[in-house]
Amino acid sequence: MTIESVSVNVTSPGRNFVTLKIVTTDGVVGWGDATLNGRELSVASYLQDHVASTLVGRDENRIEDTWQYLYRGPYWRRGPVTMAAIAAVDMALWDIKAKKAGMPLYELLGGASREGLRVYAHASGTDYAALKDAVTGYVEQGYTAVRVQTGVPGLGQIYGVSSNTGGKYDYEPAKRAADGRAAIAPSEETWDTPAYLAHMPGVFASLREDFGSGLRILHDAHHRMSPIEAAQFAKDVEPYKLFWLEDCTPVEDQTALRLVRQHSTTPLAIGEVLNSVYDYQTLITERLIDYVRSSVTHTGGVTGLKKLLDFAGIYGIRSGMHGPTDVSPVGMAAALHLGLAIHNFGIQEYMPHSETTLGVFRTSYAFDRGFLHPGDAPGLGVDLDEDAASAFEYTKAYLPVNRLMDGTVHDW
Ligand code: CS2
Ligand code: MG
């Protein structure tokens, strides 16, 4: 059998998603997530204008060969758009292979290495009282790990702080226009690292006071500190035993983490904006990180991320796969199958998608008392309802741009 058709679905059930559909000559359908928040149409075009026609007629079973064909064939390589496109093809082909084998994908990847995947929830609050309420809610739902983000006195809206108090974390950073129509430019936020550095250690001290030492507390610094500021922060929060400090400094300068490591044993997670094993080479071989943050969707798919995680595992580094709502349910399912099978699983990010999104993507994965399982449906266990998807037109949205108090552009 061979690949008969390749098509790209762009839909916006609550937020924008790009999904690849591959159908074989014997009618088996595979789905792949190609969502790149804020640049969705770039990946959609890469797939439909440059990749789709090259796949028709290829043997759908030759996943590694197709991965290498798409990685080395175009000459130009790596980068978020290319690797998201390759990821979508890869996920769809693994979905097909597992469906034809009549088993969930994790079985093809070596079978389950654990009963379920520990996940972390997203808690936030404009102030500590609101944050404490949000964390309490997740602990009551059975979560054993919670990421905490909070407002900083003197600053307005900043990354990761949802406007809702209690209930589902509904923070969607990519903004449409105020009237819900297509945005024409990013919104802008203001940042001040000294205020953040002064504020956060007290937040963690209060959390430990209120929730004890057993709760796994994670925090995302979201690329905003210089290397020395990251070293200071990691040292200052060391007494509070974070499960991880994420994206403490812009990761394209991999060697910056050497400075952080010199000053602190706070575990470090990084890499959601990275997209190949080569982007991690120094980070892994020098053990500058403890968790790999990449998602299946942005790192060349199951094939790409498994290569990376197998390499990381040799150095005692574990997975911490990216799982915000801008990874679609297809990408989330792929992460769960891979995470269930690999030995060096660490933790899985879990921002539940909205009911609107789940009305378009039919999922098989299930949450139970702080853990997720991909389910045992053949393949990835997720299907896109194309009729339902057609009701949600793509609406351009941009991630915010961040500026310092003096107007200097800064990492968001
Ligand atoms: C965040 C992401 O989940 C995280 O760790 O860094 O939500 C990130 O802000 C979004 O993926 C950007 O689209
Ligand atoms: Mg992050």
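Residues numbered from 1 in each chain as written. Chains lettered and ligands numbered in written order. Predicted model: local features only at pLDDT ≥ 70, side-chain atom pairs only at ≥ 80, totals over all residues. Heavy atoms only, no water.

Draft legend 1. The environment of V6, seen in detail. Mapping V6 onto the fold places it in strand β1 (residues 3-11). Classification of V6 by relative accessible area gives buried; the value is 16%. Measuring from C-alpha to C-alpha, the distance between V6 and A183 comes to 29 Å, with 177 residues separating the pair along the chain. Among residues more than four places away in sequence, those in contact with V6 are L20, K21, I22, A52, L55 and V56. (Helix = DSSP H or I, 4+ residues; strand = E, 2+ residues; numbered from the N terminus. Buried < 20%, exposed > 50% of the residue type's maximum accessible area, 1.4 Å probe, protein only. Contact = heavy atoms within 4.5 Å.)

Draft legend 2. Representation of the layout of surface pockets within the structure. Here the largest pocket defines a volume of roughly 900 Å³. Along its surface, the largest pocket is lined by 38 residues, and N37, E272, V273, L399 and W412 are the ones closest to its centre. When grouped by side-chain class, the residues that make up the lining of the largest pocket number 17 nonpolar, 11 polar and 10 charged. There are two domains that each give the lining of the largest pocket at least three residues, and those are domain 1 (3-105) and domain 2 (108-376). Put simply, the second largest pocket is a space of about 150 Å³. Lining the second largest pocket we find 13 residues, and of these K168, D170, E172, T325 and S354 sit closest to its centre. A breakdown of the residues in the lining of the second largest pocket according to their chemical character gives four nonpolar, five polar and four charged. (1 Å grid on protein atoms, 1.4 Å probe; cavity = no way out; pocket = protein on both sides within 12 Å on 5 of 7 lines; lining within 4 Å. Points joined across faces, edges and corners; volume = space filled by probe spheres on them. Nonpolar A, V, L, I, M, F, W, Y, C, P; charged D, E, K, R; others polar. Domains from an automatic or database assignment.)

Draft legend 3. Helix α2 (residues 63-72), seen in detail. Within α2, the full set of buried residues consists of I63, T66, W67, L70 and Y71. Angular distribution of buried residues about the axis of α2 spans 130 degrees; they occupy a single face of the element. Of the surrounding elements, those touching the buried residues of α2 are α1 (40-55), α3 (80-101) and α10 (301-314). (Arc of directions from axis to C-beta.)

Draft legend 4. Focus on the sheet that holds strand β18 (residues 409-410). The strand order across the open sheet formed by three strands is β6-β17-β18, and the pairing between neighbours is mixed. At either margin of the open sheet sits one strand with a lone partner, and together these are β6 (188-191) and β18. (Pairing = 2+ DSSP bridges.)

Draft legend 5. Main features of the packing of helix α6 (residues 193-211) against helix α7 (residues 227-236). Contact pair α6 / α7: the axes reach a minimum separation of 10 Å and the direction vectors enclose 15 degrees. Here α6 is positioned roughly parallel relative to α7, judged by the angle of their axes. The two elements α6 and α7 cross, and the hand of that crossing is right-handed. Here T193, Y196, L197, M200, P201 and F204 of α6 come into contact with α7, specifically with E229, Q232, F233 and D236. Of the residues assigned to the contact of α6 with α7, the class counts are six nonpolar, two polar and two charged. (Axes fitted to C-alpha atoms, helices over the stretch in contact; angles between N-to-C directions. Parallel < 35°, antiparallel > 145°, perpendicular 65-115°, else oblique. Left-handed = near helix turned anticlockwise from the far one by under 90°.)

Draft legend 6. Geometry of empty space enclosed by the protein. Summed over the entire model, instances satisfying the criterion amount to one cavity of 30 Å³ or more. In this structure, the largest cavity encloses a volume near 70 Å³. Around the largest cavity sit 13 residues that line it, and Q149, I158, Y159, W191 and Y196 are the ones nearest its centre. Broken down by secondary-structure element, the contributors of at least two residues to the lining of the largest cavity are β5 (145-150), α6 and β7 (216-220).

Draft legend 7. Molecular detail of the coordination of the magnesium ion (ligand 2). Here the magnesium ion (ligand 2) is held by D220 (OD), E246 (OE) and E272 (OE), and the distances to it run 2.0 to 2.2 Å. Coordination of the magnesium ion (ligand 2) draws on donor residues from a single chain, spaced D-x25-E-x25-E in sequence. In this pair, E246 sits in strand β8 (residues 244-246) while E272 sits in the loop between β9 (268-270) and α9 (281-285), placing the two residues 26 residues apart along the sequence. Neither E246 nor E272 differs from the other in exposure class; each is buried. (Donors = N, O, S within 2.8 Å, 3.2 Å for Na, K, Ca; no water.)

Draft legend 8. Representation of the domain arrangement of the protein within the structure. When the domains of the protein are assigned, the result is domain 1 (3-105) and domain 2 (108-376). One C-alpha centre belongs to domain 1, the other to domain 2, and the line joining them spans 26 Å. For the pair domain 1 and domain 2, the summed buried area comes to about 2,700 Å², and 62% of that belongs to carbon and sulfur atoms. There are three salt bridges connecting domain 1 and domain 2. The partner of E172 in a salt bridge is R15, with the nearest N and O atoms 2.6 Å apart. Listed by contribution, the elements that provide at least two residues to the side of domain 1 that touches domain 2 are β2 (17-24), β3 (29-33), α2 and α3. (Buried area = accessible area lost by both parts, 1.4 Å probe. Salt bridge = Lys/Arg side-chain N within 4 Å of Asp/Glu carboxyl O.)

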